Amino acid sequence: MCHWIHRADHDSLHQLIQMKFKGLNIQKVLELEMWLSSTNTKLTQVNGQRKYGGPPAVWDGPLPGAHCEVFISQIPRNAYEDQLIPLFSSIGPLWEFRLMMNFSGQNRGFAYAKYGSPAVAADAIRLLHGYMLESNHRISVRHSTEKRHLCIGDLPATTKQEDLQRVLGGLVDGVERVSLKTGPGIDGVSAIVAFSSHHVASMAKKVLVEAFKRQFSLSISIKWQSAVKSGVDFAPPPPLRSLKSHMPSSQKLLSHSLNSAWPAALPPHLAQRLTAPPSFCRAVGGPITPQQHLPAQLLPLPGGGGWCHTV
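Now for a quick tour of the structure. (Residues numbered from 1 in each chain as written. Predicted model: local features only at pLDDT ≥ 70, side-chain atom pairs only at ≥ 80, totals over all residues. Heavy atoms only, no water.)

### As for the overall build of the protein
Working step 1: When helices and strands are counted, the protein shows seven helices and 15 strands.
Working step 2: Across the 311 residues in the protein, those meeting the buried criterion constitute 46%.
Working step 3: Sequence separation of 24 or more characterises 69% of the internal contacts of the protein that already satisfy a separation of 6 or more.
Working step 4: Here the protein has roughly 15900 Å² of accessible surface; of this, 53% comes from carbon and sulfur atoms. (Helix = DSSP H or I, 4+ residues; strand = E, 2+ residues; numbered from the N terminus. Buried < 20%, exposed > 50% of the residue type's maximum accessible area, 1.4 Å probe, protein only. Contact = heavy atoms within 4.5 Å. Areas by Shrake-Rupley, 256 points an atom, 1.4 Å probe, with all protein chains shown as cover.)

### Remarks on the pattern of salt bridges
Working step 1: A complete count under the given rule lists nine salt bridges for this structure.
Working step 2: R98 is the salt-bridge partner of E69, the closest N and O atoms lying 3.2 Å from each other. Pair noted here: E69 is in strand 3 (residues 69-73) and R98 is in strand 4 (residues 94-101), with a separation of 29 residues, a long-range link.
Working step 3: You can call E69 buried: its relative accessible area is 2%.
Working step 4: For R98, a relative accessible area of 4% translates into the label buried.
Working step 5: Across the pair E96 and R98 runs a salt bridge whose closest N-O atoms are separated by 3.3 Å. By the burial criterion, E96 is buried, and R98 matches it.
Working step 6: A single salt-bridge network, built from bridges that share partners, covers K51, E69, E96 and R98. (Salt bridge = Lys/Arg side-chain N within 4 Å of Asp/Glu carboxyl O.)

### Describing the sheet that holds strand 10 (residues 175-181)
Working step 1: Taken in spatial order, the four strands line up as 10-11-9-12 in an open sheet, and their pairing is antiparallel. Strands with a single pairing partner mark the edges of an open sheet, and in this sheet they are strand 10 and strand 12 (221-224). Strand after strand, the sheet turns through a mean of 20° between neighbouring axes, direction not considered.
Working step 2: Sheet analysis places strand 10 next to strand 11 (residues 189-195), joined by six bridges and oriented antiparallel. Each residue of the ladder has a partner; that of R177, found in strand 11, is A194.
Working step 3: Sheet contacts for helix 5 (residues 161-171): strand 9 (149-155), strand 10 and strand 11; angle to strand 10, the most-contacted strand, approximately 140°.
Working step 4: Relative to the sheet, helix 6 (residues 198-216) contacts strand 9, strand 11 and strand 12, its axis offset from that of strand 12 by approximately 165°. (Pairing = 2+ DSSP bridges. Axes fitted to C-alpha atoms, helices over the stretch in contact; angles between N-to-C directions.)

### Concerning unusual backbone geometry
Glycine aside, residues mostly have negative phi angles, and peptide bonds mostly take the trans form.
Working step 1: In this structure, the amide linkage connecting G54 to the following residue, P55, adopts the cis form with an omega of 0°.
Working step 2: Residue placement: P55 occurs in the loop between strand 2 (49-53) and strand 3.
Working step 3: With a phi close to 55°, N40 is a non-glycine residue in the positive phi region.
Working step 4: Position of N40 among the secondary structure elements: in the loop between helix 2 (26-39) and strand 1 (44-46).

### Thoughts on the environment of N47
Working step 1: Within the fold, N47 resides in the loop between strand 1 and strand 2.
Working step 2: Taking the C-alpha atoms as reference points, N47 and N102, 55 residues apart in sequence, are found 10.0 Å from one another.

### Section: the nonpolar core
Working step 1: Counting 31 residues, the largest nonpolar core has I72, I75, F88, F97 and Y115 as the members making the most contacts within it.
Working step 2: Contributions of two or more residues to this core are made by helix 2, strand 3, helix 3 (81-89), strand 4, strand 5 (107-115) and helix 4 (118-128).
Working step 3: In terms of nonpolar packing, the next biggest core, distinct from the first, is built from 29 residues, L164, V189, L208 and F212 among them. (Core = buried A, V, L, I, M, F, W, Y, C linked by side-chain atoms within 4.5 Å.)

### Here we look at the packing of helix 2 against helix 3
Working step 1: Packing of helix 2 against helix 3 leaves a shortest axis separation of 9 Å and a crossing angle of 55°. What the angle tells us is that helix 2 and helix 3 run oblique. The segment helix 2 lies against helix 3, with K28, E31, L32 and W35 engaging E81, D82, Q83, I85 and P86.
Working step 2: Each residue belonging to the contact of helix 2 with helix 3 can be placed in one class, and the counts come to four nonpolar, one polar and four charged. (Parallel < 35°, antiparallel > 145°, perpendicular 65-115°, else oblique. Nonpolar A, V, L, I, M, F, W, Y, C, P; charged D, E, K, R; others polar.)

### A look at the packing of aromatic side chains
Working step 1: Counting across every chain of the model gives seven aromatic pairs.
Working step 2: Consider the rings of F88 and F97, whose centres lie 6.1 Å apart with planes at 45°: the pair is tilted.
Working step 3: With relative accessibility at 0%, the residue F88 sits in the buried group.
Working step 4: Taking relative accessible area as the criterion, F97 reaches 1% and is therefore assigned buried.
Working step 5: Ring centres of F212 and F280 lie 6.4 Å apart, and the angle between their planes is 75°; this geometry places the pair in the edge-to-face category. Here F212, found in helix 6, pairs with F280, found in helix 7 (residues 278-284); they are 68 residues apart in sequence, far enough to count as distant. Each member of the pair, F212 as well as F280, is classed as buried. (Phe/Tyr/Trp six-rings, centres within 6.5 Å; stacked < 30°, edge-to-face > 60°.)

Structure follows, in structure tokens:
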């Protein structure tokens, strides 16, 4: 909430919350706001979740690797970080805590807690699985399935591996490797994309379908790739610098810490044109760009198929 809310009298604050957060437990909302203020805890809200840490302001432990994250489910819908973060911090220092949120301002019933080592994560499962957070509400704590590979389907048959990796690197964070799949039962070309973490892969899954529609008028499919066979030929990271380093972050500090969750939306940099390799533009027919707004560096594709940035 904005700082001026702290100066409002108690009755006015209740009225404001009742208007803004219909259906919420007002007392729980107030308790969260007071906890955030008293502990100086900072939360970040992005793409339907509220995040603490990643890492926190003070962190002297190891960087998390595999098997360091736990998945928490069956959380009461009006339970918030003021209950959950202290509980999971009692097992060991939290590197990150993410609570999934919906439009109403309630949580979606599940969250993720990440620690600095697999041993601490295992302790959290052993000690907190079945913990009664509230009356008749026992939470479930299990190992998080940290999938890091997405399968992108319905790509044009002429798609090139290095071109696709460059395009993806300009749209989303954490792209490490790309491999293409063709053969019987595969329409066009499919790609397996490896990301640096489950979190960035999940964020990419939310935005890439819309991104390809906006940039290329191309309808792709996207799903989790459950397993990657050894020996898959991944493209090496492209030498060119990612365009995203020059774009504003899609994350915003939780200035309204109790505001309802944002929908999954395209990052701000997708409002700008993507500098895609000309060969990829030709493969998809070119990004759709109004002719009257074409900058000088745009060239028409042969046959009137669209327009493409020169690189």
